[in-house]
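Structural features, examined
Below are the chains, spelled out letter by letter.
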Amino acid sequence: MKAVSCRNAQLDVIDLPTPAPAKGQLLLGVLRSGICGSDLHARHHCDEVAAAAAETGYDGFMRSDQQVVLGHEFCGEVLDHGPRTRKAPRAGTRVVSVPLVRRGDDIHPVGLSAAAPGAYAEQLVVEQSLTLPVPNGLSAEAAALTEPMAVAWHAVRRGEVRKRDVAIVIGCGPIGLAVVCMLKASGVRTVIASDFSPGRRALAVRCGADVVVDPAHGSPYDAAAGHGHFEGSADAFGVAVGTVEKLYKARLPWWHVWRAAEAVGVAKPKHPVIFECVGVPGVIDGIIAGAPLFSRVVVVGVCMGNDTIRPAMAINKETDLRFVLGYTPMEFRDTLHMIAEGKVDVTPLITGTVGLGGVANAFDALGDPARHAKILIDPQSPLQEVS
């Protein structure tokens, strides 16, 4: 079969043997595969990621000197079942799958490990237990976005965003746009998106953003003004002391009133939930410095280099900083059904298609934020350039 290999940052179309599914596995014919920002990072920075992964207990992440078939966002058609494997879903069924696969006693991420070739290929192997039929006649193009949209859904859930909260998305690349989609799907009324690129800001509007900001000419935090956030310590001090003074003058035991207010949730300061979707050194510190007090910051972007923040700034603002990775199998399943039921429209994210022979060109095209968001690979297409 034809596949695209990545080795020493070079992308080449090669011939590989047809993969053989083991017991409990399925062989899929790839219909569509998405090019992820993680793939772009892995091409040039996999050794740094592998070192970090090894420190956290996983030593199978791809290395630059290995031949690896990328691709962890995909939709495929069931071609065959492994030996002694239940014949479900049936051959011909269109499916998606959580991109993890067993190799003996070990589990590897599909498309990010030499032990688990991915979907930049005509065929790949997946775990039957992690595979889901595509419902409602959903297109292969839309179904292939289940994986990145699940990442966004996990981030939104980790952010614990309420409908009346202000959500601010910093960076409108593919993952930022996916976060915008999922915020609106969950009913958040005010979503502010910020990006330097006019093209990406336009896509953010199509994805449902209520306000878009060019950070070269304005601040997304200024755009969130008027929602009751504390902009500085003096504001918080003033409210705290002023509240006690009023209760004291009314001869009320202010501590009882305050405790009662906390019990019903009205004493908690309002705060925006900010999603960092850039992954460039300095962005997290910039968010902490610019955001209102008590902001919750969810870091979704993958920064490949060392970064620095000023803890004193975060302490003075009591910033809540959270990092996210991936999703749960339930979030993956729920995301697929949200897309299939029309609760999430992923079509604005898809900006191009290419064949296996054009993957290297697609990687170059994705370097221009004004042109593309999500490029899909059609293994059967002869396209050498992104269309």
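See the structure above.
The written sequence of each chain sets the order in which its residues are numbered from 1. Per-residue local features are limited, in this predicted model, to residues with pLDDT of at least 70; the limit for side-chain atom pairs, both in listing and counting, is 80 or more; totals at the level of whole chains, interfaces and linings are taken over all residues. Side-chain figures throughout are based on the complete set of non-hydrogen atoms in the structure, without hydrogens or water.

1. Focus: the pairing of strand β8 (residues 106-109)
Strands are labelled as partners when DSSP assigns at least two bridges between them. Secondary structure elements are taken from DSSP: a helix is a run of H or I of four residues or more, a strand is a run of E of two residues or more, and numbering for both begins at the N terminus. The pairing of strand β7 (residues 100-103) with β8 spans four bridges and is antiparallel. Its bridge partner being in β8, Arg102 is matched across the sheet by Ile107. Here β7 folds back onto β8, and the loop between the two strands holds two residues, one of which, Gly104, carries a positive phi near 70°.

2. Let's talk about the state of the cysteines
The criterion for a disulfide is a pair of cysteine sulfur atoms lying within 2.5 Å. Tallied over the entire structure, the rule returns zero disulfides. The structure places no disulfide on Cys181, whose sulfur is separated from the nearest cysteine sulfur, that of Cys207, by 3.5 Å. Between buried and exposed lies partly exposed: a residue is buried under 20% and exposed over 50% of the maximum accessible area for its type, with that area taken using a 1.4 Å probe on protein chains only. Owing to a relative accessible area of 5%, Cys181 belongs among the buried residues under this scheme. No disulfide involves Cys303; its sulfur sits 14 Å from that of Cys277, the nearest cysteine. On the basis of relative accessibility, which here comes to 26%, the residue Cys303 falls in the partly exposed class.

3. A few points about the pattern of salt bridges
Between Lys or Arg on one side and Asp or Glu on the other, a salt bridge is scored when a side-chain nitrogen of the former is within 4 Å of a carboxyl oxygen of the latter. All chains considered together, the criterion is met by 15 salt bridges. A salt bridge links Arg201 to Asp214; the shortest N-O distance between them is 3.7 Å. Placement of the pair is Arg201 in helix α5 (residues 198-206) and Asp214 in the loop between β13 (211-213) and α6 (220-223), with a sequence separation of 13 residues. In this pair, the class of Arg201 matches that of Asp214, namely buried. Arg333 is the partner of Asp334 in a salt bridge, and the nearest nitrogen-oxygen pair spans 3.3 Å. You can call Asp334 partly exposed: its relative accessible area is 25%. Residues joined by salt bridges that share partners form a network here, namely Glu160, Arg296, Asp320 and Arg322.

4. Some words on helix α3 (residues 146-159)
Expected helix span is computed as 1.5 Å times (number of residues minus one). Taking 1.5 Å as the rise per residue, α3 with 14 residues should run 20 Å; its terminal C-alpha atoms sit 20 Å apart, in good agreement. The buried count for α3 comes to 12 of 14 residues, which makes it a mostly enclosed element. Burial in α3 covers these residues: Thr146, Glu147, Pro148, Met149, Ala150, Val151, Ala152, Trp153, His154, Ala155, Val156 and Gly159.

5. Considerations on the environment of Gly187
Secondary-structure assignment places Gly187 in the loop between α4 (174-185) and β12 (190-194). Sequence spacing of Gly187 and Arg162 is 25 residues, and the spatial spacing of their C-alpha atoms is 8.2 Å.

6. Observations regarding the nonpolar core
Residues enter a nonpolar core if they are buried and are Ala, Val, Leu, Ile, Met, Phe, Trp, Tyr or Cys, with the set joined through side-chain atoms within 4.5 Å. The biggest cluster of nonpolar side chains holds 52 residues, and the ones touching the most others in it are Met149, Leu183 and Phe275. Elements supplying a minimum of two residues to this core: α2 (140-143), α3, β11 (166-170), α4, β12, α5, β14 (273-276) and α11 (329-340). Two domains share this core, each providing at least three of its residues, namely domain 1 (2-133 + 346-377) and domain 2 (148-230 + 269-323). Aside from chain neighbours lying at most four places away, what touches Leu183 is Val156, Val161, Ala167, Val169, Val188, Val191 and Phe275. With 28 residues, the next largest nonpolar core counts Val4, Met62, Val69 and Ile377 among its residues. What fixes the domain bounds is an automatic or database domain assignment. Whether two residues are in contact is decided by their heavy atoms: any pair within 4.5 Å suffices.

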